[in-house]
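# Architecture at a glance
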Amino acid sequence: MNVEVHPESGKIREQWDIIYVADWKGEPKKGELNERFGLYVERDFYVVSELPSNRYLDLINNRNMVIKTPNGRKTQVWYFHQQTLTIKTRLNNQSWDI
Amino acid sequence: MQIWSTNAKWFQIFKYEKNQFINFTSGKVLDVTGAKDEEGQAVGVYGNNNGKHQRWRVVYLDKAGPVQSKGLNKDFGFHINRPFYLISKLPFNRVAECIGANNVNLKRWRVNTKAQQWYFDGVSKTIKNNNWKSHSLDIQGNGGSTNVRCTTTNSRWW
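Keep in mind that this is a model prediction, so the values were computed, not measured. Each chain has its residues counted from 1, following the order in which its sequence is written. Ligands are numbered from 1 and chains lettered from A, in the order in which they are written. It should be noted that, the model being predicted, local features are given only for residues of pLDDT at least 70 and side-chain atom pairs only at 80 or more, the latter also being counted only at that level, while totals for whole chains, interfaces and linings use all residues.

## Section: the overall build of chain B
We count a stretch as a helix when DSSP gives it H or I for four or more residues in a row; a strand needs E for two or more, and each element gets its number in order from the N terminus. A tally of helices and strands in chain B yields 0 helices and 14 strands. Moving toward the C terminus, one meets the helices and strands of chain B in the order β-β-β-β-β-β-β-β-β-β-β-β-β-β. Its C-alpha atoms give chain B a radius of gyration of 21 Å, clearly above 15 Å, the size a compact globule of 158 residues would have. For chain B, the C-alpha atoms occupy an extent of roughly 65 × 35 × 30 Å along the three principal directions. For a compact globule the rule gives 2.2 Å times the number of residues to the power 0.38, and the radius of gyration it is set against comes from C-alpha atoms.

Here it is, written out as structure tokens:
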């Protein structure tokens, strides 16, 4: 991916942080919080709806997202993957995708 | 929303903030479609209106309580893992039996016949057969039929 110059648009692609080398902590490791993304790295979690029944985010046909009552299956277990910055399923390590 | 092979493009990047999963680029949030609090209801992304159908709790497994493995499940009205008979109130009081890991028929009660015994499984939240323990009561045709079968557990709504 090239870095270019363009007239200012204010978009995120034109915004940068400066972090001095001496202050650079590196990327969060397994078990540590990624503060930008609000999730701990590779720490398994459920996603629980705040609708009254508190159903869990789940998969049907191992593909599509739905809410279901807790069932102990891997289709309800997720983790944040630091290298790709995606949320993955413990079922087959594929990522959330619109 | 779905899961797909990881490509780390913008439509796969979400952050968790103030109880919402927000797509980093579009700003759309994880959303229970139609705000319907129903089993198997689809989940997608939508513009943020901060409704309860767009808010989620993250429960880390190492902080979650153990799955209930015995006692009464109040939501479903069954004692977990405790075998029972399904006895018809018709005059002969026959019981439901799983025949050949497929059909469910009314039969006369027989002593120690595990195919006539059922139990509520606290993990899958289904009624399993005590003989074929990988099989659960199931409405045939993905819920589209009136026939009840005993088939491989899938925890779908039917």
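Anyway, onward from the coordinates.
## Overview of the overall build of chain A
Looking only at helices and strands, one finds 0 helices and 8 strands in chain A. Relative to its length of 98 residues, chain A is extended, with a C-alpha radius of gyration of 18 Å against a globular reference of 13 Å. Dimensions of chain A along its principal axes, counting C-alpha atoms only, are 50 × 30 × 30 Å. With C-beta atoms placed from the backbone, the exposure class of a residue follows from how many other C-beta atoms lie within 10 Å of its own: 20 or more, buried; 12 or fewer, exposed; in between, partly exposed. The 98 residues of chain A split such that 30% are buried. By definition, residue pairs are in contact when their C-beta atoms, positioned from the backbone, come within 7 Å. Expressed as a percentage of contacts within chain A between residues at least 6 apart in sequence, the contacts between residues at least 24 apart total 30%.

## Let's talk about the nonpolar core
A set of buried Ala, Val, Leu, Ile, Met, Phe, Trp, Tyr and Cys residues, joined through C-beta atoms within 7 Å, is what we mean by a nonpolar core. One finds B:Leu30 and B:Val43 to be the most contacted residues of the largest nonpolar core, which totals 30 residues. Elements supplying a minimum of two residues to this core: β2 (39–40), β3 (45–49), β4 (56–60), β5 (64–68) and β6 (78–81) of chain A together with β3 (20–23), β4 (29–32) and β5 (41–46) of chain B. Beyond its immediate stretch of four places on either side in the chain, B:Val43 contacts A:Leu57, A:Met65, A:Val66, A:Ile67, B:Met1, B:Leu30, B:Asp31, B:Val32 and B:Thr33. B:Ala96, B:Cys98, B:Val104 and B:Cys150 belong to the second largest nonpolar core, which has 6 residues in total.

## Topic: the interface of chain B and chain A
Contacts between the two partners involve 40 residues from chain B, matched on the other side by 39 residues from chain A. Sorting the residues of the side of chain B that touches chain A by element identifies β1 (2–4), β2 (14–17), β5 and β6 (56–60) of chain B as the ones contributing at least two each. Class assignment for the residues of the side of chain B that touches chain A results in 20 nonpolar, 11 polar and 9 charged. At least two bridges found by DSSP between two strands are what make those strands a pair. As paired strands, strand β8 (residues 95–97) of chain A and β1(B) are joined by 3 bridges and run antiparallel to one another. By the bridge assignment, A:Ser95 is partnered in β1(B) with B:Trp4. Gly is placed with the polar residues, together with every amino acid not listed as nonpolar (Ala, Val, Leu, Ile, Met, Phe, Trp, Tyr, Cys and Pro) or charged (Asp, Glu, Lys and Arg).

## Details of the domain arrangement of chain B
Partitioning chain B into domains gives domain 1 (1–65) and domain 2 (72–152). Where each domain begins and ends is defined by an automated method or by a domain database. A separation of 35 Å is found between the C-alpha centroids of domain 1 of chain B and domain 2 of chain B.

## Observations concerning the environment of B:Ala115
Residues and elements named next belong to chain B. Structurally, Ala115 can be placed in the loop between β10 (103–107) and β11 (118–121). Spatially, the C-alpha atom of Ala115 lies 6.1 Å from that of Asn130, the residues being 15 residues apart in sequence. With residues up to four places along the chain from it excluded, the contact list for Ala115 reads Glu97, Cys98, Asn129 and Asn131.

## Some words on unusual backbone geometry
All names here are of chain B. A positive phi angle, near 50°, is found at Asn93, a position not held by glycine. Along the chain, Asn93 turns up in the loop between β8 (78–79) and β9 (95–99). A count of 12 C-beta atoms within 10 Å places Asn93 in the exposed class. One non-glycine residue with positive phi stands out, namely Ala101, at about 55°. With respect to the secondary-structure elements, Ala101 resides in the loop between β9 and β10. With 15 C-beta atoms packed within 10 Å, Ala101 lands in the partly exposed category.

## Topic: the pairing of β6(A)
Within a regular strand, the side chains alternate between the two sheet faces. Residues and elements named next belong to chain A. Alignment of β6 against strand β7 (residues 86–89), held across 4 bridges, turns out to be antiparallel. Opposite Phe80, over in β7, you have Ile87 as the bridge partner. Joining the antiparallel neighbours β6 and β7 is a turn of 4 residues, in which Leu85 adopts a positive phi near 60°.

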